[in-house]
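# A structural walkthrough
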Amino acid sequence: MASLSRALRVAATCPAWRPAQRLGMQALAGAAGPTAEKNVPYQRTLKEEARGPSAAAQGPSQPLPSTASVVVIGGGSLGCQTLYHLAKLGVTGAVLLERERLTSGTTWHTAGLLWQLRPSDVEVELLAHTRRVVSRELEEETGLHTGWIQNGGLFIASSRQRLDEYKRLMSLGKAYGVESHVLSPAETKALYPLMNVDDLYGTLYVPQDGTMDPAGTCTTLARAAAARGAQVIEKCPVMGIRVRTDDFGVRRVAAVETEHGSIQTPCVVNCAGMWAGAVGRMAGVKVPLVAMHHAYVVTERIEGIQNMPNVRDHDASVYLRLQGDALSVGGYEANPIFWEEVSDKFAFGLFDLDWDVFTQHIEGAVNRVPALETAGIKSTVCGPESFTPDHKPLMGEAPELRGFFLGCGFNSAGMMLGGGCGQELAHWVVYGRPEKDMYSYDIRQVRFHPSLTEHQRWIHERSHESYAKNYSVVFPHDEPLAGRNMRRGPLHEELLGRGCVFQERHGWERPGWFSPQGPAPVLEYDYYGAYGKRPHQDYAYGRLLADEYTFDFPPHHHLIQKECLACRGAAAVFDMSYFGKFYLLGPDASKAADWLFSANVRRPPGSTVYTCMLNHRGGTESDLTVSRLAPGTQACPVAPAFEGDGYYLAVGGATAQHNWCHITSVLQDQRFRCRLVDCSEDLGLISIQGPASRAILQEVLDADLSDTAFPFSTHQLTQAAGHLVRAVRLSFVGELGWELHIPRASCVPVYHAVMTVGAKHGLVNAGYRAIDSLSIEKGYRHWHADLRPDDSPLEAGLAFTCKLKSAVPFLGREALEQQRATGLRRRLVCLTVEEKVPMFGLEAIWRDGQVVGHVRRADFGFTVDKTIAYGYICDPSGRPVSLDFVKSGDYALERMGVPYAARVHLKPPFDPDNKRVKGIY
């Protein structure tokens, strides 16, 4: 009988890594490896039914309707959950098409684990909904048991940093009612007697974690959906997506073509898993995912393992799932096998296990549970799974085709995220936007600029790194090493030579902070030494990034401090060229601006307005600046030629794609006669901020920079060192300052001119780590940190950005008016902590002994010399949150299980009277 110990001995005589050229679809079993049958460990699967006597019949399992309100493609976890939640929302005529049988792709062989705690508040909510659906709601609704087993979950910490990460999860869980306990090694041993705890710092125990049964869950979902009027049609492969172009020139879904006929429909949801890319190509939609082999082995019976919790040993990159009186053992390896040519005939299939690849998990598993050393291997499960470049699912409406939604790329987490994501996807389809903040999953947003979604090297590199680091500690300031240098600003080489340590956002390299140690370029990806690649030696950027692997202040904390204090005391220059820069032009531009922007931007040309864009629920889709333009005929990047009305939009670069898609969708839906022009690559942007900024720029710009001639929140075209630029008097850091929007070719000479003059005024280069600190001191919001699509401007303290005193309609206005009338159920508050402890977000907020929220964003404010945190709080009684409620409580922030007394502020802790941006020092 095969055993894990034998597998480990065999592996010792085999090469550790499989060469890159051998990646592919081979069924790769080591010839000398242990032998075991290939089979999933579930008592029931739909594979047997698919191959039973009734399976011989050709054609779909039931007749196709001629029309459908929604067609869901794919009968795995996500497809079934989405169909069920569409039906629950009252959608009639929804149809699910499955080419084989339900679960036949990847769902049938999934491990089915559900862990409730993740380092994301939204994911905690999504997982909670999945758990409710499979553990209670489906059974109550149908009388059928889904196969849910609640045996608990145990996270293993064999390092201090890992235990710190678990303590952060515990604190976040308190804000969402997830019971968890940090256990000592001795307590862990008492809970799990078979576990070796000699090398542990502690564990995190979550009693209500558990496991799901794929077949039981999906068949119950299908029955519940059918009972509400939905149809599930199996044995019906999709062959094409028919597209129409409307009279506004917009591509829209028209029909789904199958082997057995077509279904007219305005909406398709692509839940096809590994085959989602092929379905996307039928519609002209890019789906950036890859398929990889993902494996686990199932042991024979282990005495004493019954009723033990599931185990995740992140540091060993292995998990142990209870399987009755046995264990399933799997994990994430550094050299996964890519499945390059995905077969459209693959169903209920498994690969032979490649022991050369898998054996790296065995040593960690045996170390953790020594009884595994002599345990027999009952079966191996090596199946394909789809993975994405950032290890996040792909969801939402595709920017290339209206009515075509994605629900795929779940990175082996489709079962546990399925309920929450299925519910949000249903809301997306029905209402146009999800209920929760799904930005991190949204195909339209920051993750994938159009230039990256078909770049195969980038997709492979990033997908590999995300897979290999799946169990790594999630540090607040980590950066990818794969797929870098894809988009570089005009000052990239200039700043690199000055010691810039870059961050990556939306494919862009943007300045993070500046090191005195000299250049630290990001090198070509080395796959962490996998596939025979030689890892980089003496890698300067890698060393600096490794310094970020801490939940304490990093070693370069004082360098970021210098940048911040120089900005407050003299001046700093920030390269913000990665910003999105759009022009909204045309006859209906002002009508569109009225509807899109919450603030009144119908101001005279030369004015600049800070505003939000909202969704129909009043949630904030963006915050940005909008500058009114005067018509002109000189066509250049800083001054486009146009007739009618024109606006210049500057948005955070990490959210540029999200903004572009949101605006485009609104223009299409409202049929405004105007165009949106992207000049992000054509323009650079440098921002000079600080008390000395006026003195510096007065020598560089051919403009009067006095308060009278150039007041705050205005813009002008002017010459800078002989180059035409658009100067905008704005600040993201709370200082006197200007942004210079510059044609790309002019950026270097203008930057040199600024630095030459600035040398005598103490001007320094600074990066986004400084911006983060400076802006939080001033109370400026960061979209998708303390301002998200599920936060309204009223809740976020941005009522001043909303033209509610006017009669002008705008998107989201009705929701805001209703919210204002009924009272705010939560508010964003600012809290400071006297003790010098770093915080990063996810800390629990306590008020008068009760958890009332969690921190969304936190940083250290060097000017005020305190940690500053922002988070939304609610009243546990359910009443509206008044300002008196905010002011009256005693607050604490729980960091890694330790509470720290906090002070609440109704105004920003730095310059609360807003004098410095006006030049009043």
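Above this text you will find the structure in question.
Source: prediction; values computed, not measured.

Counted under the stated rule, the structure contains zero disulfides. Note on Cys-564: no disulfide assigned, nearest cysteine sulfur contributed by Cys-567 at a separation of 7.6 Å. Cys-564 sits in the buried class, given a relative accessible area of 0%. Free cysteine Cys-636: the closest other cysteine sulfur is in Cys-679, separated by 10 Å.

A word on the nonpolar core. Ranked by internal contacts, the top residues of the largest apolar core, which has 180 residues, are Leu-372, Phe-404 and Phe-574. Among the elements that take part in this core, helix H11 (residues 414-431) stands out by supplying eight residues, more than any other. By size, the runner-up hydrophobic cluster in this structure holds 33 residues, among which are Phe-502, Val-700, Ala-727 and Leu-736.

The residue Asn-151 is located in the loop between helix H4 (121-142) and strand E5 (153-157) in this model. The exposure class of Asn-151 is buried, given its relative accessible area of 12%. One polar contact links Asn-151 to Asn-310, side chain to side chain, over a distance of 3.2 Å. Ignoring any residue separated from it by four or fewer positions in sequence, one finds Asn-151 in contact with Pro-207, Asp-209, Gly-210, Thr-211, Met-308, Pro-309, Asn-310 and Leu-322.

Next up on the list: the packing of helix H16 (residues 589-596) against helix H17 (residues 656-670). Two numbers describe how H16 lies on H17: the axes approach to 11 Å, and their chain directions differ by 115°. Our classification of the angle between H16 and H17 gives roughly perpendicular. In the packing of H16 onto H17, the handedness of the crossing is right-handed. Along the contact surface, H16 presents Ala-592, Trp-595 and Leu-596, while H17 presents His-662, Ile-663, Val-666, Leu-667 and Gln-670. Its residues placed into classes, the contact of H16 with H17 shows six nonpolar, two polar and no charged.

So, on to the packing of helix H3 (residues 77-88) against H11. It is the contact of H3 with H11, at a shortest axis distance of 7 Å, that shows an interaxial angle of 45°. Relative to H11, the element H3 lies oblique. When you trace H3 past H11, the crossing you get is right-handed. Residues Ser-77, Leu-78, Gln-81, Thr-82, His-85 and Leu-86 of H3 form the contact with H11, whose participating residues are Gly-414, Met-415, Gly-418, Gly-419, Cys-421, Gly-422, Gln-423, Leu-425, Ala-426, Val-429 and Val-430. Residues belonging to the contact of H3 with H11 are distributed by class as follows: eight nonpolar, nine polar and no charged.

Here the focus is H4. With 22 residues, H4 extends 30 Å from end C-alpha to end C-alpha; this agrees with the ideal 32 Å at 1.5 Å per step. Two residues or fewer past H4, Gly-143 is found with a positive phi of approximately 80°.

Let's shift gears to the environment of Trp-428. Here Trp-428 lies in helix H11. For the pair Trp-428 and Leu-86, spaced 342 residues apart in sequence, the C-alpha to C-alpha distance is 10.0 Å. Apart from residues lying up to four places away in sequence, Trp-428 is in contact with Met-395, Gly-396, Glu-397, Phe-405, Arg-433, Pro-434, Met-438 and Asp-442.

Let us look at the sheet that holds strand E2 (residues 70-73). Note: strands within a sheet are paired through backbone hydrogen bonds, in either parallel or antiparallel orientation. Spatially, six strands are ordered E9-E3-E2-E13-E20-E19 in an open sheet, and the strand pairing comes out mixed. Pairing within the sheet leaves two strands with one partner each, and these edge strands are strand E9 (231-233) and strand E19 (394-397). Averaged over all pairs of adjacent strands, the angle between strand axes in this sheet comes to 20°, irrespective of strand direction. Strand direction decides the pairing type here: E19 and strand E20 (residues 404-408), joined by four bridges, are antiparallel. Considered in E20, the bridge of Met-395 is made with Gly-407.

As a further point, take the packing of aromatic side chains. Counted according to the given criterion, the structure contains 26 aromatic pairs. Residues Phe-582 and Trp-660 carry aromatic rings whose centres are separated by 5.3 Å and whose planes lie at 65° to one another, so their mutual orientation is edge-to-face. Taken together, the residues span a long stretch of sequence, with Phe-582 in strand E25 (residues 580-586) and Trp-660 in helix H17 at a distance of 78 residues. A centroid spacing of 5.1 Å and a plane angle of 35° characterise the contact between Tyr-583 and Tyr-648, whose relative ring orientation is tilted. With Tyr-583 in strand E25 and Tyr-648 in strand E28 (residues 645-651), this residue pair connects regions lying 65 residues apart in the sequence. Note on accessibility: Tyr-583 and Tyr-648 belong to one class, buried. Residue placement shows Arg-826 over the ring face of Tyr-872; its charged tip is 4.7 Å from the ring centre. Sitting above the plane of the Phe-885 ring, Arg-847 keeps its charged end 3.6 Å from the centroid.

What follows is about the sheet that holds strand E23 (residues 508-514). Spatial strand order, E21-E23-E22: three strands in an open sheet with mixed pairing. The strands lining the two open edges of the sheet, one partner per strand, are strand E21 (487-488) and strand E22 (500-505). Contacts from helix H20 (residues 768-778) reach E22 and E23 within the one sheet, and its direction differs from that of E23 by about 70°.

Burial analysis of E25 places seven of its seven residues in the buried class, which makes it a mostly covered element. Of the two faces of E25, the one holding Gly-580, Phe-582, Leu-584 and Gly-586 and the one holding Lys-581, Tyr-583 and Leu-585 are both buried throughout. Looking at chain direction, E25 and strand E29 (residues 675-678) are connected through four bridges and run antiparallel. By the bridge assignment for E29, Leu-585 is matched with Arg-675.

Cut-offs and rules
- Residues numbered from 1 in each chain as written.
- Predicted model: local features only at pLDDT ≥ 70, side-chain atom pairs only at ≥ 80, totals over all residues.
- Heavy atoms only, no water.
- Disulfide = S-S within 2.5 Å.
- Buried < 20%, exposed > 50% of the residue type's maximum accessible area, 1.4 Å probe, protein only.
- Core = buried A, V, L, I, M, F, W, Y, C linked by side-chain atoms within 4.5 Å.
- Helix = DSSP H or I, 4+ residues; strand = E, 2+ residues; numbered from the N terminus.
- Polar contact = N/O pair within 3.5 Å; in protein donor to acceptor, adjacent residues only side chain to side chain.
- Contact = heavy atoms within 4.5 Å.
- Axes fitted to C-alpha atoms, helices over the stretch in contact; angles between N-to-C directions.
- Parallel < 35°, antiparallel > 145°, perpendicular 65-115°, else oblique.
- Left-handed = near helix turned anticlockwise from the far one by under 90°.
- Nonpolar A, V, L, I, M, F, W, Y, C, P; charged D, E, K, R; others polar.
- Expected span 1.5 Å × (residues − 1).
- Pairing = 2+ DSSP bridges.
- Phe/Tyr/Trp six-rings, centres within 6.5 Å; stacked < 30°, edge-to-face > 60°.
- Lys NZ or Arg CZ within 6 Å of the ring centre and 35° of its normal.

In short, shape yes, function no, at least from these values alone.
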